[in-house]
Amino acid sequence: MSQAELRQMQLIQVELLAEFDALCRKHKLRYIIASGTLLGAVRHGAFIPWDDDIDVEMLRSDFDKFCQIDKQEFREDTFFQTNKTDKHYPWLYGKLRRTGTQAVRLGQEHLKMHSGVFIDIFPRDGVPKSVALRSARGVIATMCRKILYSRVAYRLSETFIGRLGWSVVRLIPKQAAFGIAKLLSVVFEEKRSERVGCIGYHGEAETNGFHKRWFTELVTLPFEGGTYYAPADWDGYLRYVYGEGYMTPPPPNRRHVTSPLSSYSL
C-alpha cells in the first residue's frame with residue numbers, strides 16, 4: 001500500500017469515527033479513542049503516520065446500547081458488524097465498516113464476512129479484584145479467543161502439527177465461544193467492577209484490567225480535525241499500555257502496521 005493509499009484509507013476511517021461519535025453523542029453513550037488512536041491524538045494530533053486503523057473502547061453497558069441503535073440512523077454505506085449482524089463474523093468485538101470498499105486482513109481471505117474499511121469497537125467487561133478469579137477469567141477468555149482464532153490460524157500455521165492442532169480446535173462451534181464470553185460478561189458485570197478488560201482481545205493489560213474511571217471521566221482531544229472523547233487521565237492510560245516513554249516514536253525499522261492487509265479496495 002502506497003502512502004497515498006494509506007492516507008485515503010485513514011480518511012475513510014475518520015469519516016466512520018465521526019459518524020460513530022455523532023451517534024454516541026446523540027444517544028448519550030460514553031466511549032474513548034484508545035490504544036494507537038489515543039497515542040496518535042496525544043503525540044501527533046492525528047494518526048500515527050504509519051498506523052492503519054482506529055480503535056475505540058466502550059464499557060459493556062454503553063456498547064450494548066450502541067448495538068440497539070436502529071440501523072436507519074447509520075449512513076446508507078455504513079455497516080455495524082458484530083457476530084449478530086453478520087453470521088460469518090468470528091470476533092467478540094464490533095466493527096463499523098464502509099460498504100463499497102474492502103480491507104482484508106492477512107490470513108482472513110477465506111472468511112465470508114463483510115470486509116469493508118473499518119474501525120474497531122471494543123466492549124469492556126468487569127475484571128474481578130481476586131487474583132485467582134482474575135486468572136481464571138483470563139484463561140477462559142483466552143480459550144474463547146483461541147476457538148474463534150482457529151478459523152484463521154489453521155491456515156497461517158507454518159507446521160503440520162500446528163495446522164492439525166488448530167484444525168481440531170476449529171471443530172468447536174463458534175457459538176460455544178460466543179456463549180462462554182457472554183457468560184463471563186454476566187458473571188463479572190462491568191457495572192459492579194472497578195477494573196474492566198476486553199474479553200475479545202489478548203494481552204496482560206486486558207487480563208489485569210484497566211481503571212474503570214478511564215471510561216467514565218472523560219475529556220475531548222483533537223484528532224484529524226475533529227474532537228473525540230478520551231480518558232481525562234490519558235497520561236495514565238498511555239503509560240499503562242505503552243510505558244513511560246510513550247511520547248518517543250519507535251526507531252524507523254519498527255514503524256510499520258501491526259496487522260497488514262492482503263487485499264484492499266478504496
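Structure first, text after, so check above.
Residues numbered from 1 in each chain as written. Predicted model: local features only at pLDDT ≥ 70, side-chain atom pairs only at ≥ 80, totals over all residues. Heavy atoms only, no water.

Asker: Would you mind going over the overall build of the protein with me for this structure?
Answerer: Within the protein, the secondary structure is distributed over eight helices and eleven strands. Relative to the compact-globule value of 18 Å for 266 residues, the protein shows a C-alpha radius of gyration of 18 Å, a close match. Seen through its C-alpha atoms, the protein measures out along the principal axes to roughly 50 × 45 × 45 Å. By residue count, 48% of the 266 residues in the protein fall in the buried class. Sequence separation of at least 24 residues holds for 65% of the intrachain contacts in the protein that already meet a minimum separation of 6. Carbon and sulfur atoms provide 55% of the accessible area of the protein, an area that totals close to 13100 Å². Between the centroid of the 37 positive side chains of the protein and the centroid of its 30 negative side chains there is a distance of 6 Å. (Helix = DSSP H or I, 4+ residues; strand = E, 2+ residues; numbered from the N terminus. Rg over C-alpha atoms; globule rule 2.2 N^0.38 Å. Buried < 20%, exposed > 50% of the residue type's maximum accessible area, 1.4 Å probe, protein only. Contact = heavy atoms within 4.5 Å. Areas by Shrake-Rupley, 256 points an atom, 1.4 Å probe, with all protein chains shown as cover. Lys, Arg positive; Asp, Glu negative; His and termini not counted. Charge placed at Lys NZ, Arg CZ, Asp CG, Glu CD.)

Asker: What am I meant to see in the pattern of salt bridges here?
Answerer: Opposite charge on two side chains lets them pair, provided their charged atoms get close. In the structure shown here, the tally under the stated rule is 21 salt bridges. A salt bridge links R98 to E15, with the shortest nitrogen-to-oxygen separation between them at 3.4 Å. Here E15 lies in helix α1 (residues 3–26) and R98 lies in strand β4 (residues 94–98), a separation of 83 residues in the sequence. A relative accessible area of 4% places R98 in the buried class. By relative accessible area, which is 40% here, E15 ends up partly exposed. Of the charged contacts in the structure, one is a salt bridge between E244 and R239, with a shortest N-O distance of 3.9 Å. The exposure class assigned to R239 is partly exposed, which follows from its relative accessible area of 33%. Bridged by salt links that share partners, the residues E15, R75, D77 and R98 form one connected network. (Salt bridge = Lys/Arg side-chain N within 4 Å of Asp/Glu carboxyl O.)

Asker: Could you clarify how one ought to interpret empty space enclosed by the protein in this entry?
Answerer: To find leftover empty space, a probe the size of one water molecule is rolled over the atoms. Following the criterion strictly, the structure yields two cavities of 30 Å³ or more and no others. Counted as a void, the largest cavity has a volume near 40 Å³. Counting residues per element, the lining of the largest cavity draws most heavily on helix α4 (residues 131–156), which supplies five residues. For the lining of the largest cavity, the per-class residue count stands at three nonpolar, four polar and three charged. (1 Å grid on protein atoms, 1.4 Å probe; cavity = no way out; pocket = protein on both sides within 12 Å on 5 of 7 lines; lining within 4 Å. Points joined across faces, edges and corners; volume = space filled by probe spheres on them. Nonpolar A, V, L, I, M, F, W, Y, C, P; charged D, E, K, R; others polar.)

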